[in-house]
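# Structure at a glance
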Amino acid sequence: MSTDALRMRGPVHGTKDAKRVAIGSSVGAVIETYDFIGFGTAAALYFGTAFFPSGDPVIGTLAAFATLGVGFAARPLGGILGGHLGDKIGRKPVLVASLIVMGLATFAIGLLPTYTQVGLVAPALLVTVRIVQGLAFGAEWGGAILMSYEHAPWKAKGRYTGIVQAGFPVGLLLANLVFLFSVHLGGDWAWRVPFLASIVLVAVGLIIRSKVPESPVFEDVKDSGEIAASPVLESIKKDWRDILRGIGLRVAETAGYAVSITYMISYLHTNDLAGKSETLLALCIASAIGIVATFAWAALTDRIGRRPVYLGVCAFAALFGVPMFLLVNTGLFILIVATIVVAYAVCQNALAGAQGAWFPELFQAARRASGASLAYQISAMVSGFTPFVTTLLYVSLGWVGPALLFSAFGLIGLITAWFTRETWGATERRLADEATRSEEHASGHGDAMPHRHAGTASNTKEKELL
């Protein structure tokens, strides 16, 4: 690893727009998560009855969770499209387009007729809109995280991408707060209002995102003529090992979330362990704590590296599955809240916080959007159908099935992290310190700071180290 290779991560001190870009990317993440997570909450609490009526409530829940999974299955396609465009025409256009599509699809859910109104047309429309949601959400993450990453200072990549990743618990909090309010409206309005209200957030997000500048790293790649003809295919050919590693790392986080949060909502409700309002309140508390936790975990990776955080948290998650269900099975609200907070603020937020910087660093700059998006979104196919599989395991094995599945995902993350290289270890941190002091010294003597393109590595072998 050399200093020149590190320069393909962006300017040493970051750009003057780094904070604005991180906030703008985070606001979009808030909105997109509000839209997407809102669907999961509605599927757990309402859609089984509204779109898939059945004499057996478990069957209705299975159908609703299957629809939830369809959206996740579409996310890799969105990731491929968003990654390709992000490496070809820039990160910013993908940010704006994904937000528009996601917003319109989510608003449309609030207008859909139910099964009692139009019969089988209702679930068909719901599945169609869900696919559109999945495509948009698949394109979202790569653009948002790379914009923040490539504008951020070398020594603060974790903190700046942590701002973006913290947007997800903010979106989760907003979605659950709205559902907590709307549950008192009764009838279909209990789930329609949250989706219809999202249009306001979309308008705000578009205003903010339209003003953020393009990534300096993408501009360097474009100016040097290194844009690949087919970034996705090139990434699959050259980066397939890191794509597989990224999938394993991501599954531990997102599939673990699907068990401990998405499925847990249904589990608490169907087993009369907590009412809808209590469950939503517990999620709101966990989400609020998760905002701070995500940023804190991400900042920690700047100090000790990305890999140690992942190894420690995945080991904990692998041991937490059975205790997690034993605690909620008590039916004590305080223990239910504590369990959900730990599952979210530790098992999920820590991994998400580390991913923000670790995933981009696994891939070379010209293929970064494609490689990171593929790794991030392919794993969504596993996590998307996890609530469905978890429900089947519960029917067959009781709560032990979901508990062991959660532990298995933690073990997958642990093994994958063990075989994934550290990208911000002691050597990288030392080189970053030296480069920072060097540029500060040059600036102090009145020398011009290096031009934006001066940091572009000319040695292809050095670039490939990224």
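This text gives an overview of the structure that appears in the document. Computed from a prediction, not measured in an experiment: that's the story for all the values here. (Residues numbered from 1 in each chain as written. Predicted model: local features only at pLDDT ≥ 70, side-chain atom pairs only at ≥ 80, totals over all residues. Heavy atoms only, no water.)

### Description of the overall build of the protein chain
Within the protein chain, the secondary structure is distributed over 18 helices and zero strands. A compact globule built from 466 residues should have a C-alpha radius of gyration of about 23 Å, and the protein chain, at 22 Å, falls within 12% of that. Looking at the protein chain as a whole, 58% of its 466 residues are labelled buried. Within the protein chain, residue pairs in contact and separated by at least 24 positions form 88% of the contacts whose partners lie at least 6 positions apart. Total accessible area on the protein chain is roughly 16900 Å²; 69% of this is exposed by carbon and sulfur atoms. With 35 positive and 31 negative side-chain charges, the protein chain shows a separation of 1 Å between the mean positions of the two kinds. (Helix = DSSP H or I, 4+ residues; strand = E, 2+ residues; numbered from the N terminus. Rg over C-alpha atoms; globule rule 2.2 N^0.38 Å. Buried < 20%, exposed > 50% of the residue type's maximum accessible area, 1.4 Å probe, protein only. Contact = heavy atoms within 4.5 Å. Areas by Shrake-Rupley, 256 points an atom, 1.4 Å probe, with all protein chains shown as cover. Lys, Arg positive; Asp, Glu negative; His and termini not counted. Charge placed at Lys NZ, Arg CZ, Asp CG, Glu CD.)

### Points about unusual backbone geometry
The backbone phi angle of aspartate 272 is positive, close to 55°, even though this residue is not glycine. By the element assignment, aspartate 272 lies in the loop between α10 (231–270) and α11 (276–304). On the accessibility criterion, aspartate 272 (69% relative accessible area) is exposed.

### A short note on the pattern of salt bridges
Side chains that differ in charge, positive against negative, can pair when their charged atoms come close. Scanning all chains against the criterion turns up 15 salt bridges. The partner of arginine 367 in a salt bridge is aspartate 239, and the shortest N-O contact between them spans 2.9 Å. Note that arginine 367 is positioned in the loop between α13 (333–361) and α14 (368–384) and aspartate 239 in helix α10, a separation of 128 residues in sequence. A salt bridge links glutamate 434 to arginine 430, with the shortest nitrogen-to-oxygen separation between them at 3.1 Å. A residue pair is termed a helical-turn pair when its members lie 3 or 4 positions apart in one helix, as glutamate 434 and arginine 430 do in helix α17 (residues 426–444) at four residues. Classification of arginine 430 as partly exposed rests on a relative accessible area of 44%. Several salt bridges converge on common partners, so that one network encompasses Arg159, Asp302, Arg306 and Glu361. (Salt bridge = Lys/Arg side-chain N within 4 Å of Asp/Glu carboxyl O.)

### Topic: the state of the cysteines
Applying the stated criterion to the full structure yields zero disulfides. Free of any disulfide, cysteine 284 has its nearest neighbouring cysteine sulfur in cysteine 347, separated by 20 Å. For cysteine 314, which is in no disulfide, the shortest distance to another cysteine sulfur is to cysteine 347 and amounts to 8.8 Å. (Disulfide = S-S within 2.5 Å.)

### Comments concerning the packing of helix α4 (residues 91–109) against helix α6 (residues 121–151)
Contact pair α4 / α6: the axes reach a minimum separation of 8 Å and the direction vectors enclose 150°. Crossing hand, α4 versus α6: left-handed. Mapping the contact onto sequence places Arg91, Lys92, Val94, Leu95, Ser98, Val101, Met102, Ala105, Thr106 and Ile109 in α4 and Val129, Val132, Gln133, Ala136, Phe137, Ala139, Glu140, Gly143, Ala144, Leu146, Met147 and Glu150 in α6. In terms of residue class, the contact of α4 with α6 is built from 14 nonpolar, four polar and four charged. (Axes fitted to C-alpha atoms, helices over the stretch in contact; angles between N-to-C directions. Left-handed = near helix turned anticlockwise from the far one by under 90°. Nonpolar A, V, L, I, M, F, W, Y, C, P; charged D, E, K, R; others polar.)

### Remarks on the packing of aromatic side chains
Tallying each qualifying case throughout the model produces 16 aromatic pairs. Look at phenylalanine 47 and phenylalanine 51: their rings are 5.1 Å apart centre to centre, the planes differ by 85°, and that puts the pair in the edge-to-face class. We note that phenylalanine 47, like phenylalanine 51, is buried. Note on phenylalanine 359 and tyrosine 376: the rings are 6.2 Å apart at their centroids and 80° apart in plane angle, and the pair reads as edge-to-face. On the criterion of sequence distance, the pair formed by phenylalanine 359 in helix α13 and tyrosine 376 in helix α14 is long-range, its members being 17 residues apart. Each member of the pair phenylalanine 359 and tyrosine 376 is classed as buried. Taken together, the ring pairs connect Tyr46, Phe47, Phe51, Phe179, Trp191 and Phe195 into an aromatic cluster. (Phe/Tyr/Trp six-rings, centres within 6.5 Å; stacked < 30°, edge-to-face > 60°.)

### A look at a nonpolar patch on the surface
Taken together, the side chains of Ile100, Val101, Leu104, Val132, Ile199, Val200 and Val204 make up a nonpolar region of the molecular surface, amounting to roughly 540 Å² of accessible area. Sorting the residues of the nonpolar patch by element identifies α4 and α8 (189–209) as the ones contributing at least two each. Here isoleucine 199 is to be found in helix α8. Judged by its relative accessible area of 34%, isoleucine 199 falls in the partly exposed class. (Patch = residues over 30% accessible without salt bridge, like charges linked within 9 Å, V, L, I, M, F, W, Y side chains within 5 Å.)

### Here we look at the environment of isoleucine 23
Topologically, isoleucine 23 is positioned in helix α2 (residues 18–50). It is 8.5 Å that separates the C-alpha atoms of isoleucine 23 and serine 148, two residues lying 125 residues apart in sequence.

### Considerations on the side chain of threonine 416
Relative to the assigned elements, threonine 416 resides in helix α16 (residues 400–418). Aside from chain neighbours lying at most four places away, what touches threonine 416 is Arg245, Gly248 and Leu249.

### Re α6
Its 31 residues give α6 an end-to-end C-alpha distance of 46 Å, which sits within 8% of 45 Å, the value for a rise of 1.5 Å per residue. Within α6, 23 of the 31 residues are buried, which leaves it mostly tucked inside the rest of the structure. (Expected span 1.5 Å × (residues − 1).)

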